[in-house]
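Each chain is listed here by its residues.
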Amino acid sequence: AFPNVMLWLAEAIDKIAKLKEDNNFVYRHANTLKQSLIEQGKSEEDADYLSSIRIFSNETGNYGTGLASTSLASDTWEDDSKLANLYLDRMGYAFGKDESRWSENVSDTKLYNQVLSGTDGVIFSRSTNLYALMTNDDPFQYFGGIGLAVRHLDGKTPEMYVSNLRRKDNVKAQTMKDFLNQEMRSRYFHPRWIQAMQDSGYAGATAILDRMNNMWGWEVMTPEAVRDDQWQEFFEVYVDDKYDMQMREFFDKHNAEALAQIIERMLEAVRKGYWQRS
């Protein structure tokens, strides 16, 4: 959507990667990567160009990680390595300072894998009060997808942070786990939000199912961030009807299949060991 900004970023990163300064980690990492690329058979000129690329995305003409639908099709995979490789394959096209080489397939060197490996932290910004982390599937696909990929490459999920820019007088960084917990408590486990969904009928029932599916997405991408008690709370609120809001009657009237899919997803979370029922 913003190729001019992508080009500015790519050019800036390349310039920083050439600055021989103390504690310039971009320069240090680019040099290490350049040597690795030369050892893999790239020419010095090509290795020099590729070593400073830090912008990766879909191949031009394609869109999406594929993680939303594939994570939900949980009968097609037994562990998350399939999902990690899907993310790396779909998002591993390079966008460097040479615009004529944009969307280059660099899978022969697994360049994106090499750039991501060693990542200690991932940051995602939120400046809107309307959207959070479970409002749609984009956050877990892209933000969560990076965490999944790094865990696949290095054996450990990196620290996941949300840069909370919602209030300009109170800008703060939060762990993704804390941000997600606040979102659940203030929205999906709150009677006023649930009442608003009931007032919306079919659309509201579908929105609740979407939150369940997105919670599942986060569980798969970053299992450390979704707790067993949150799964239990979702069950108690929407299936067991702890607030006495006639949830079963609501779903039966407006979208019975949504409730069936919610229960199905919970059973799958137990089957795959994501939710340890007490």
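Up top you'll find the structure we're talking about.
What you are looking at is a predicted structure, and each value in this text was computed from that prediction instead of being measured. (Residues numbered from 1 in each chain as written. Predicted model: local features only at pLDDT ≥ 70, side-chain atom pairs only at ≥ 80, totals over all residues. Heavy atoms only, no water.)

## A word on the overall build of the chain
Item 1. When helices and strands are counted, the chain shows 13 helices and six strands.
Item 2. Summarising its shape, the C-alpha atoms of the chain cover approximately 70 × 45 × 35 Å along the three principal directions.
Item 3. Taking all 278 residues of the chain together, 45% fall into the buried category.
Item 4. By sequence separation, contacts in the chain at least 24 residues apart represent 70% of the contacts at least 6 residues apart. (Helix = DSSP H or I, 4+ residues; strand = E, 2+ residues; numbered from the N terminus. Buried < 20%, exposed > 50% of the residue type's maximum accessible area, 1.4 Å probe, protein only. Contact = heavy atoms within 4.5 Å.)

## A short note on the sheet that holds strand β6 (residues 172-175)
Item 1. One open sheet accounts for three strands, arranged β4-β5-β6; its pairing is mixed. Only two strands of the sheet have a single neighbouring strand rather than two, namely β4 (121-126) and β6. Adjacent strand axes in the sheet meet at a mean angle of 30 degrees when their direction is disregarded.
Item 2. Across six bridges, the pairing between β4 and strand β5 (residues 159-164) is parallel. Among the inter-strand pairings, R126 is bridged to a residue of β5, identified as N164.
Item 3. Helix α7 (residues 138-154) rests against β4 and β5 of the sheet, and its axis sits at about 160 degrees to β4.
Item 4. Contacts between helix α8 (residues 176-188) and the sheet are confined to β4, β5 and β6, with β6 contributing the most and set at about 90 degrees to the helix. (Pairing = 2+ DSSP bridges. Axes fitted to C-alpha atoms, helices over the stretch in contact; angles between N-to-C directions.)

## A word on the sheet that holds strand β2 (residues 93-94)
Item 1. Spatial ordering of the open sheet is given by β1-β2-β3, a layout of three strands whose pairing is antiparallel. Each having just a single partner strand, β1 (56-57) and β3 (104-105) make up the two edges of the open sheet.
Item 2. Across two bridges, β1 lies against β2 in antiparallel orientation. Pairing of F56 across the sheet is with A94, part of β2.

## Things to note about the pattern of salt bridges
Item 1. Within the structure shown, the criterion is met by 16 salt bridges.
Item 2. Residue K97 is joined to D14 by a salt bridge in which the shortest nitrogen-to-oxygen separation is 3.0 Å. Highlighted residues: K97 in the loop between β2 and β3 and D14 in helix α1 (residues 3-17), separated in sequence by 83 residues.
Item 3. Of the residues examined, D14 reaches a relative accessible area of 6% and is grouped as buried.
Item 4. Residues joined by salt bridges that share partners form a network here, namely D14, K18, K34, E44, D48 and K97. (Salt bridge = Lys/Arg side-chain N within 4 Å of Asp/Glu carboxyl O.)

## Observations concerning the layout of surface pockets
Item 1. There is about 1200 Å³ of room inside the largest pocket.
Item 2. Lining the largest pocket are 38 residues; nearest its centre among them are R54, I55, F56, S57 and Y112. (1 Å grid on protein atoms, 1.4 Å probe; cavity = no way out; pocket = protein on both sides within 12 Å on 5 of 7 lines; lining within 4 Å. Points joined across faces, edges and corners; volume = space filled by probe spheres on them.)

## Details of helix α9 (residues 191-199)
Item 1. W193, I194, M197 and Q198 are the residues of α9 that are buried. Buried positions in α9, seen along its axis, are confined to an arc of 140 degrees and lie on one side of it. Facing away from the buried side of α9, by more than 90 degrees, are the exposed residues R192 and D199.
Item 2. Where α9 is buried, its residues touch α8, α10 (202-221), α11 (228-238) and α12 (247-254).
Item 3. G201, located one to two residues past α9, shows a positive phi value of around 65 degrees. (Arc of directions from axis to C-beta.)

## Looking at a nonpolar patch on the surface
Item 1. On the surface, F2, V5, W8 and L9 cluster together into a nonpolar patch covering about 450 Å² of accessible area.
Item 2. W8 gets classed as exposed once you look at its relative accessible area, which sits at 56%. (Patch = residues over 30% accessible without salt bridge, like charges linked within 9 Å, V, L, I, M, F, W, Y side chains within 5 Å. Areas by Shrake-Rupley, 256 points an atom, 1.4 Å probe, with all protein chains shown as cover.)

## Some details on the environment of Q141
Item 1. Relative to the helices and strands, Q141 resides in helix α7.
Item 2. You can call Q141 buried: its relative accessible area is 7%.
Item 3. The spacing of Q141 and G273 is 132 residues in sequence and 21 Å in space, taken between C-alpha atoms.
Item 4. Filtering out sequence-adjacent residues up to four positions away, Q141 remains in contact with T65, G66, L67, A68 and Y87.
Item 5. Within the structure, the side chain of Q141 is placed 2.5 Å from the side chain of T65, a separation counted as a polar contact. (Polar contact = N/O pair within 3.5 Å; in protein donor to acceptor, adjacent residues only side chain to side chain.)

## Side note on the side chain of T135
Item 1. If you trace the backbone, T135 turns up in the loop between β4 and α7.
Item 2. The buried category is assigned to T135, whose relative accessible area is 17%.
Item 3. In contact with T135, other than residues within four places in its own chain, are L130, E183, R187, Y188, R211 and N214.

## Examining the pairing of β5
Item 1. Handedness of the β4-α7-β5 crossover: right-handed.
Item 2. Sheet topology note: the β5/β6 ladder contains four bridges and is antiparallel. Of the residues in β6, the one forming a bridge with Y161 is T175. (Right-handed = clockwise from strand over helix to strand, strands pointing away.)

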